[in-house]
Amino acid sequence: MKELNCVAIAGVGLIGGSLGLALRSRNLARSIVGFGSRAATLETAWRRGAITEIAADAKSAVAEADLVVLCAPVAHIAALARTINPLCRPGTLITDVGSTKRDIVHELDAALAEPSWNPLVRFVGSHPLAGNEKSGPEHATADLFVDRTVVVTLSKNTQADDLRAVGDFWKALGANVREMSADEHDRAVAVTSHLPHLVAAAIAGSTPEEYVSLTGSGWQDTTRIAAGDPVLWRQIMLANRDNLSASLEQFSARLEQWQQALAAGDSVELDRLLAEAKRIRDTVDK
């Protein structure tokens, strides 16, 4: 990927800050402009070198941008894209890092028919499967996206050159890119991301506080992601609630199998369930 003249990042927390650090460490952008509502966060990102400039507002942030990356909570991404679109130069690409894609992509597809939408400034959705339970630019790292999967979403309105450009951007940061529709993406991450967070939160929340001092690495590893931002995760779960509910039903059915095996003292069934779980988990390390 050739060096970009300017990348604007809306929201410079863990993901946005890591994005800026990655761009600078790989010399992929001459300038990186940060903007958002939290002055302290922007200042921290600037001090850490994640951005080269703090913009006073969205208009000045995107004025010279080749690419704008929206690192806002999922409930605000579509509205933010609507705000930014008419402020950008023709040819600017907008992408995001939202953990859900369906509502965002569908709303911005519909916006193409609106008179206020500039068709020469286009949107392609992204979701880097990276990050951790921490937040803020103080935890950002330049290698956050290395060898991680980034889903780039396409719709009937996505232009091939735009899809390729956004994919090349993430590949230049060391990521592995996978193209999916927004609907398929949300069905998949309901199982692989949103359900695990729900289960981790349920386990943490059901643990009596007087027993926390007795927890070991198993409990701590299983519940680590439950330490994530509750407001952020509430938005994600509600945005994907139908797929998450379906995944939870399937998980509940599997839990019932465990419950029945335990109640019956069925060692054969327990061996089967444990072996199946190990087989699937072991594929991650291959």
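Enquirer: Explain the overall build of the chain to me, and be specific about the residues and the numbers.
Expert: Regarding its fold elements, the chain presents 11 helices and nine strands. Here the C-alpha radius of gyration of the chain, 21 Å, is about what a compact globule of 286 residues would show, namely 19 Å. Referenced to the eigenvectors of the C-alpha coordinate spread, the extents of the chain come out at roughly 65 × 40 × 35 Å. Relative to its full complement of 286 residues, the chain shows a buried share of 42%.

Enquirer: Give me the lowdown on the packing of helix α7 (residues 182–205) against helix α9 (residues 230–239), citing residues and values where you can.
Expert: Where α7 contacts α9, the axes come no closer than 11 Å and their chain directions differ by 125 degrees. In terms of orientation, α7 and α9 fall into the oblique class. Seen from above, α7 lies across α9 with left-handed handedness. Residues Ser-193, His-194, His-197 and Leu-198 of α7 lie in contact with α9, whose contacting residues are Trp-233, Ile-236 and Met-237. In terms of residue class, the contact of α7 with α9 is made up of four nonpolar, three polar and no charged.

Enquirer: Give me the lowdown on the layout of surface pockets, citing residues and values where you can.
Expert: The space that makes up the second largest pocket amounts to roughly 290 Å³. The wall of the second largest pocket is formed by 16 residues, among which Lys-2, Leu-4, Asp-66, Leu-93 and Ala-165 lie closest to the centre. Sorting the residues of the lining of the second largest pocket by element identifies β1 (4–10) and α6 (160–172) as the ones contributing at least two each.

Enquirer: Please give an account of the sheet that holds strand β9 (residues 176–181) that cites residues and values.
Expert: Taken together, three strands build an open sheet; the order of strands is β7-β8-β9 and the sheet is mixed. The sheet is open, and its two borders are formed by β7 (126–128) and β9, each paired with just one other strand. Across the sheet, the axes of successive neighbouring strands diverge by a mean angle of 20 degrees, strand direction being ignored. Summarising the sheet, strand β8 (residues 149–154) and β9 pair through six bridges and their orientation is parallel. Bridge pairing in β9 links Thr-149 to Asn-176. Against the sheet, α6 engages β7, β8 and β9, with an angle of about 170 degrees to β8.

Enquirer: Describe in detail the side chain of Thr-223, supporting the description with residues and values.
Expert: Tracing the sequence through the fold places Thr-223 in helix α8 (residues 217–223). Classification of Thr-223 as buried rests on a relative accessible area of 7%. One polar contact links the side chain of Thr-223 to the main-chain carbonyl oxygen of Trp-219, over a distance of 2.7 Å. Not counting residues up to four positions away in its chain, the partners in contact with Thr-223 are Ala-200, Ile-203 and Ala-204.

Enquirer: An account of the packing of aromatic side chains is requested, with residue identities and associated values reported.
Expert: Within a pair of aromatic rings, the relevant descriptors are the distance that separates the centres and the angle that separates the planes. One pass over the structure, following the stated rule, counts two aromatic pairs. Ring centres of Phe-145 and Trp-170 lie 5.4 Å apart, and the angle between their planes is 70 degrees; on these two criteria the pair is classed as edge-to-face. Here Trp-170 lies in helix α6 and Phe-145 lies in the loop between β7 and β8, a separation of 25 residues in the sequence. As far as burial versus exposure is concerned, Phe-145 and Trp-170 are alike and both buried. Here Phe-169 and Trp-170 contribute two aromatic rings whose centre-to-centre distance is 5.2 Å and whose plane-to-plane angle is 70 degrees, an arrangement assigned as edge-to-face. The same class applies to Phe-169 and to Trp-170, which are both buried. Joined through ring pairs, the aromatic side chains of Phe-145, Phe-169 and Trp-170 make up one cluster.

Enquirer: Which residues make up the sheet that holds strand β5 (residues 93–96), and what are the values?
Expert: With parallel pairing, the six strands of this open sheet are ordered in space as β3-β2-β1-β4-β5-β6. Strands with a single pairing partner mark the edges of an open sheet, and in this sheet they are β3 (53–54) and β6 (122–123). Here four bridges tie strand β4 (residues 67–70) to β5, and the two strands are oriented parallel to one another. Its bridge partner lying in β5, Val-69 is registered against Thr-95. Helix-sheet contacts for helix α4 (residues 74–84) involve β1, β2 (29–35), β4 and β5, and the interaxial angle to β4 is about 155 degrees.

Enquirer: Could you give me a rundown of the pairing of β4, with the residues and numbers involved?
Expert: When a strand is regular, its side chains alternate between the sheet's two faces. Going residue by residue along β4, you find Leu-67 and Val-69 tucked away on one face and Val-68 and Leu-70 tucked away on the opposite face as well. Once the chain exits β4 it traverses α4 before rejoining the sheet at β5, and the crossover so formed is right-handed.

Enquirer: Explain the nonpolar core to me, and be specific about the residues and the numbers.
Expert: Leu-19, Phe-145, Phe-169, Trp-170 and Leu-173 are the most contacted members of the largest nonpolar core, which totals 35 residues. Those elements giving two or more residues to this core turn out to be β1, α1 (14–25), β2, α2 (39–48), β4, β8 and α6. Formed by 27 residues, the second largest nonpolar core is a distinct cluster that contains Phe-35, Ala-58, Val-62 and Leu-108.

Enquirer: I'd like a description of the packing of α7 against helix α10 (residues 241–264), backed by residues and values.
Expert: Two numbers describe how α7 lies on α10: the axes approach to 9 Å, and their chain directions differ by 65 degrees. Remark: the crossing between α7 and α10 carries right-handed chirality. In this structure, α7 uses Asp-186, Arg-187, Ala-190, Val-191, His-194, Leu-195, Leu-198 and Val-199 to contact α10, whose residues at the interface are Asn-243, Leu-244, Ser-247, Leu-248 and Phe-251.

The rules we used
Residues numbered from 1 in each chain as written. Predicted model: local features only at pLDDT ≥ 70, side-chain atom pairs only at ≥ 80, totals over all residues. Heavy atoms only, no water. Helix = DSSP H or I, 4+ residues; strand = E, 2+ residues; numbered from the N terminus. Rg over C-alpha atoms; globule rule 2.2 N^0.38 Å. Buried < 20%, exposed > 50% of the residue type's maximum accessible area, 1.4 Å probe, protein only. Axes fitted to C-alpha atoms, helices over the stretch in contact; angles between N-to-C directions. Parallel < 35°, antiparallel > 145°, perpendicular 65-115°, else oblique. Left-handed = near helix turned anticlockwise from the far one by under 90°. Contact = heavy atoms within 4.5 Å. Nonpolar A, V, L, I, M, F, W, Y, C, P; charged D, E, K, R; others polar. 1 Å grid on protein atoms, 1.4 Å probe; cavity = no way out; pocket = protein on both sides within 12 Å on 5 of 7 lines; lining within 4 Å. Points joined across faces, edges and corners; volume = space filled by probe spheres on them. Pairing = 2+ DSSP bridges. Polar contact = N/O pair within 3.5 Å; in protein donor to acceptor, adjacent residues only side chain to side chain. Phe/Tyr/Trp six-rings, centres within 6.5 Å; stacked < 30°, edge-to-face > 60°. Right-handed = clockwise from strand over helix to strand, strands pointing away. Core = buried A, V, L, I, M, F, W, Y, C linked by side-chain atoms within 4.5 Å.

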